[in-house]
Amino acid sequence: MDPRLSEEQEILQKSARDFLTEKCPKSLVREMEKDEKGYSPQLWQEVADLGWMGLVFPEKYGGAGMSFLDLAILLEEMGRACFPGPFFSTVILGGLPILDIGSDEQKEKYLPQIASGKAIFALALTEASGKYEAGAIKAKATADKNAYVINGTKLFITDAYVADYFLCIARTDAKSKGEEGITIFIVDAKSPGISRTVLKTIAMDKQCEVVFTQVKVPKENILGKLNQGWGEVQKIIERAAIAKCCEMVGGMQAVLDMTVAYVKERVQFDVPIGVFQAIQHHCVNMLVDVEGSRAVAYEAAWRISTGRPYSSEAAITKAWVSDAYYRVVTLGTQAHGGVAIIEDHDMPLYYRRAKAAELAFGDARFHRKTVARKLGFAVD
Amino acid sequence: MDFELNPEEKAFQKEIREFLDKECNENVVAEVDSMLGEGPYSKELLRKMGARKLLAPTWPVEYGGRGMGHMAETIKVDEITTHHAPFPLDAVEIGNSLLIVGNEEQKKRFLPGIAKGEIEFALGYSEPNAGSDVASVQLRSVEDGDHFILNGQKIYNTEAHFSDYHWLLTKSDPNAVKKHRGLTLFMVDLKSPGITIRPLITMAGLRTNEVFYEDVRVPKKNMVGEKNGGWAVLMSALYGGGGGGGLATGTKKVIDTLVKYVLEEKQDTDENQWIPDALADLYIRTQVGEIMGLRATALADLKVTPPYGGGGAASRLLGGDTRRLLYKTAMQILGPYGQLAKDSKWAPLNGEILREYMDAPRWTIVHGSQEIQKLNIATRGLGLPRK
């Protein structure tokens, strides 16, 4: 067993941290929250030029052929920096599924666009119920000669507003209900009949309502197999849950770091407040959560990287980290006192992102159900 | 990055598991579960384990070990607890310390015996007025020729009544400017005249002890480290191990047992809808603690000190909490049946849950209370200021 990063990974981590410290200060993060697009095209291109978008894609598609674990390191740094922009949607939710199950033509068409920063993807999965379950998919895609026609409303679709393409999950078998009859489509966002509305959310992360009205998609845009898409969707969700946890670990670490630094210098009763046992216990409790979350998130990422099964690990990790991030950010806020509840302090950036991340790809309760099922319980 | 045990560790795990599957029989389990300490069956098993070099895998070969890393200790502890086998915790921990601070004669005299399961040690730190503040011990050691004379009292020395030696922290210089500069540590033969051992029984029925010293003579060759250098010895014992945390096979077995009980014996009513979520939560906590502990142990084996001192101490904190929560939840699942003692009619799951429920609070207190552990992590790991 060797939990260390390799030398190359340490270099990647350091260069990512240095880059984001310089190019993605909190002032930019705040600016992008109010920005219509929600990201800086200039920073986006710089990140693409650094090779981040193509990190995990094979060289023949313009990528660097690195591993998911390498990507996890980048995600942690992005979580630390509150990186604004559609990186997660594009790479984790768009590119990886295409790499996994796309046809050669699809890979050749889309992956180089992603790697070069030219295409932005969004995953049009969740609907009105907000649930990550097959039964929640009501959007329909009806066959029409060599095409399918999609109708339905997708909700909480992060980065949909700026996306060039969607992976849209729809029912292709009108009679089906559960996991059967679901298909993944690659949809050009410029197709007639798509309307997108940005929702004002806690993390200002440009989640959207996307309405598909008679949207025509050519048959060759089916990703994977007709009517058998749910298995892949589940894999997308599980992998995204782990990736999201890596990002959350970065945020948790940032909160711990700034709290420890603050309690060493904040003086009350003529001493730094870090002297007090109550504050020390807050900090140690945070550390337990940060270390635990880091351990499970990286173990899970390592499993993906090495081709091991990761379904249980996704549930365990997302269940734990979802709640742990909340504990860390609330304790960090408590240790700071009043200053950390002021809007322009950095802490609220993390507090808001912790909630958004908790909700993404299933919250703790959702994933505990999965673990309960794996233990042998029949829960729905 | 790699999260798998290496082939040598896997082989060791297989070896000790198969050995205990075969040798840890019901007589041993009954003795261990009685919580009254090692009896003849336990001693016999320990000697058999010793003969196969299963007791001290991390020690150098010349002292009876296998020269393996901390991960082997983690594997050993996991298999011992999962099998309800006797747990020679104090002896091995003391041996770890002797390896660091003992002289060559002492190492040769004690380590092979401990590794063979022939010498048992009991920790002798706590006193009625020295718990977390262990440097406040009052048991006096006074130099007298080539001996020291010992007078005073120890408490909560759980293994004293079946051990051969006492690892005894004493006050040797009452005038030391700082109290932790006036301590000396001895290995005392527990058969020495003047030692009286009295039982103290915990609410779980676990036997621990008070140990009284009255003009007990200990030879100087049994002094560990320097005179008045006891604090350094103590620190090497408390922080020398590094590993030991991690695998939680035993806890997972208990969770599986509870799942089985709920599915097969408990009526599935609406009132019980909370149970799958609660047991899933426990399983998740256990898994998080396991990976966190294994990660820390592996880093210790690689001689890496991660930022904040890493997750070893943190995983022990989580583990203590999880244990308490596990038995609290288990008792809630059992409802009124949970209160039935082992020998009672209607007692579910052999009454084991009740015993563990009664014992669970001990685990956030022994070997450094959670508060002291947090103090250590805060000041040593996070670098927070001391008073």
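Residues numbered from 1 in each chain as written. Chains lettered and ligands numbered in written order. Predicted model: local features only at pLDDT ≥ 70, side-chain atom pairs only at ≥ 80, totals over all residues.

1. Notes on the overall build of chain A
Counted only if it meets this: Helix and strand definitions follow DSSP, with helices as H or I runs of at least four residues and strands as E runs of at least two, each counted in order from the N terminus. Each radius of gyration is computed over the set of C-alpha atoms, and the globule rule expresses the reference value as 2.2 Å times the number of residues to the power 0.38. Residues with at least 20 neighbouring C-beta atoms inside 10 Å of their own are called buried, those with 12 or fewer are called exposed, and the rest are partly exposed, where every C-beta is derived from the backbone. Throughout, a residue-residue contact means that the two C-beta atoms, derived from backbone geometry, are no farther apart than 7 Å.
The secondary structure content of chain A amounts to 11 helices and 10 strands. The C-alpha radius of gyration of chain A comes to 21 Å, within 12% of the 21 Å expected for a compact globule of 380 residues. Along the first, second and third principal axes, the C-alpha set of chain A runs to 80 × 50 × 45 Å. Taking all 380 residues of chain A together, 54% fall into the buried category. In chain A, of all internal contacts separated by at least 6 residues, the share reaching a separation of at least 24 is 73%.

2. As for the overall build of chain B
The helix and strand tally for chain B stands at 12 helices and 8 strands. Scaling as 2.2 N^0.38, a compact globule of 387 residues should have a C-alpha radius of gyration of about 21 Å, and chain B matches this with 22 Å. The principal-axis extents of the C-alpha atoms in chain B amount to approximately 75 × 50 × 50 Å. Scored against the burial criterion, the 387 residues of chain B give a buried share of 45%.

3. Concerning the pairing of strand E5 (residues 183-189) of chain B
Residue and element names in this part refer to chain B. As a reminder, the rule being used: DSSP bridges decide pairing: two strands pair if at least two such bridges lie between them.
Among the 7 residues in E5, 6 count as buried, and that is most of the element. Both strand E4 (residues 165-171) and E5 contribute to a ladder of 7 bridges, which runs antiparallel. Each bridged residue has a counterpart across the sheet, and for Thr 170 the counterpart in E5 is Thr 184. Bridging between E5 and strand E8 (residues 223-224) involves 2 bridges; their strand directions are antiparallel. Paired with Phe 186 across the two strands is Met 223, which belongs to E8.

4. Digging into the interface of chain B and chain A
Taken together, the contacts link 40 residues of chain B with 35 residues of chain A. Take the side of chain B that touches chain A: its biggest share by element is 15 residues, from helix H9 (residues 274-301) of chain B.

5. Focus: the packing of helix H2 (residues 26-34) of chain B against helix H3 (residues 40-51) of chain B
Two packed helices can be described by the angle between their axes and the distance between those axes. Residues and elements named next belong to chain B. To keep it simple, the criterion reads: Lines are fitted to the C-alpha atoms to define the axes, a helix being fitted only along its stretch in contact, and any angle between axes, read from their N-to-C directions, falls within 0 to 180 degrees. Less than a right angle of anticlockwise turn of the near helix away from the far helix marks a crossing as left-handed, whereas a clockwise turn marks it as right-handed. Any residue outside Ala, Val, Leu, Ile, Met, Phe, Trp, Tyr, Cys, Pro, Asp, Glu, Lys and Arg is labelled polar, Gly included; the first ten of those are nonpolar and the last four are charged.
At a closest axis distance of 8 Å, the pairing of H2 and H3 adopts a crossing angle of 115°. Handedness of the H2/H3 crossing: left-handed. The segment H2 lies against H3, with Asn 27, Val 28, Glu 31 and Val 32 engaging Tyr 41, Ser 42 and Leu 45. Counted by class, the contact of H2 with H3 contains 4 nonpolar, 2 polar and 1 charged residues.

6. Considerations on the packing of helix H8 (residues 277-305) of chain A against helix H9 (residues 311-336) of chain A
All names here are of chain A. Rule in force here: Here roughly perpendicular refers to angles of 65 to 115 degrees, roughly parallel to angles under 35, roughly antiparallel to angles over 145, and oblique to all remaining angles.
One way to put it is that H8 packs onto H9 with a least axis distance of 9 Å and a crossing angle of 155°. In terms of orientation, H8 lies roughly antiparallel with respect to H9. The element H8 and its partner H9 pack so that their crossing is left-handed. Here the residues of the contact of H8 with H9 sort into 15 nonpolar, 7 polar and 5 charged.

7. Notes on unusual backbone geometry
All names here are of chain B. Of note in this structure, Lys 53 is not a glycine but carries a positive phi near 60°. Looking at where Lys 53 falls in the secondary structure, it is placed in the loop between H3 and helix H4 (70-83). Accessibility expressed as a C-beta count within 10 Å gives 18 for Lys 53, which makes it partly exposed. Backbone geometry at Asn 228 places phi at a positive 65°, although glycine is not the residue there. By the element assignment, Asn 228 lies in the loop between E8 and helix H7 (230-239). Its 17 C-beta neighbours within 10 Å are what place Asn 228 among the partly exposed residues.

8. Side note on the environment of Arg 17 of chain B
All names here are of chain B. On the secondary structure map, Arg 17 appears in helix H1 (residues 7-23). Its 16 C-beta neighbours within 10 Å are what place Arg 17 among the partly exposed residues. It is 36 Å that separates the C-alpha atoms of Arg 17 and Leu 185, two residues lying 168 residues apart in sequence.

9. What about the nonpolar core?
To keep things clear, this is the line we draw: Here, a nonpolar core denotes buried Ala, Val, Leu, Ile, Met, Phe, Trp, Tyr and Cys residues that are linked to one another through C-beta atoms within 7 Å.
Within the largest apolar cluster, 235 residues are counted, with the highest numbers of intra-cluster contacts made by Ala 124, Phe 185, Ile 242, Cys 283, Leu 287 and Ala 301 of chain A together with Leu 279 of chain B. Top element by residues in this core is helix H7 (residues 230-265) of chain A. It accounts for 19 residues. Excluding residues within four positions of it along the chain, Ala 124 of chain A makes contact with Lys 154, Ile 157, Ala 160, Phe 166, Leu 167, Cys 168, Ile 169 and Val 210 of chain A.

10. A closer look at helix H8 (residues 249-264) of chain B
Note the threshold: Multiplying 1.5 Å by the residue count of a helix minus one yields the expected span of that helix. Here the arc refers to the set of directions running from the helix axis out to each C-beta atom.
Here H8 of chain B spans 22 Å end to end across 16 residues, near enough to the 22 Å set by a 1.5 Å rise per residue. All buried positions along H8 of chain B are accounted for by Thr 251, Val 254, Ile 255, Leu 258, Val 259 and Val 262 of chain B. Down the axis of H8 of chain B, the sector holding all buried residues measures 140°, keeping them to one side. Exposed residues on H8 of chain B whose side chains face more than 90 degrees from its buried face are Lys 253 and Glu 264 of chain B. Close packing links the buried residues of H8 of chain B with helix H11 (364-375) of chain A together with H9 and helix H10 (312-334) of chain B.

11. Regarding the environment of Ala 356 of chain A
Residues and elements named next belong to chain A. For Ala 356, the location among the structural elements is in helix H10 (residues 347-359). Considering only alpha carbons, one finds Ala 356 and Thr 201, 155 residues apart in sequence, at a separation of 8.4 Å. In contact with Ala 356, not counting residues within four places along its chain, are Thr 201, Ile 202, Ala 203 and Asp 205.

12. Considerations on the pairing of strand E2 (residues 140-144) of chain B
Taken residue by residue, a regular strand's side chains alternate between the two faces of the sheet. Residue and element names in this part refer to chain B. In the sheet, E2 pairs with strand E3 (residues 147-155) via 5 bridges, with the strands oriented antiparallel. Among the inter-strand pairings, Ser 141 is bridged to a residue of E3, identified as Leu 150. Connecting E2 to the next strand, E3, in antiparallel fashion are 2 residues, including Gly 145 with a positive phi near 65°.

13. Describing the environment of Pro 40 of chain B
All names here are of chain B. As for its placement among the helices and strands, Pro 40 is situated in helix H3. Judged by local crowding, Pro 40 falls into the exposed class, with 10 C-beta atoms found within 10 Å. In this structure, the C-alpha to C-alpha distance between Pro 40 and Asn 27, residues 13 residues apart in sequence, is 9.5 Å.

14. A few points about H4 of chain B
Residues and elements named next belong to chain B. The terminal C-alpha atoms of H4 lie 20 Å apart, and with 14 residues this matches the ideal 20 Å at 1.5 Å per residue to within 8%. Of all 14 residues in H4, 11 are buried, a share of seventy percent or more. Buried residues belonging to H4 abut H1, H8 and H9.

15. Points about the confidence of the model for chain B
The condition is simple: pLDDT: the predictor's confidence for each residue, scored from 0 to 100.
Of all residues in chain B, 97% have pLDDT values of 70 or greater, and the mean over the chain is 93. Confidence estimates for the predicted assembly give a pTM of 0.95 and an ipTM of 0.95.

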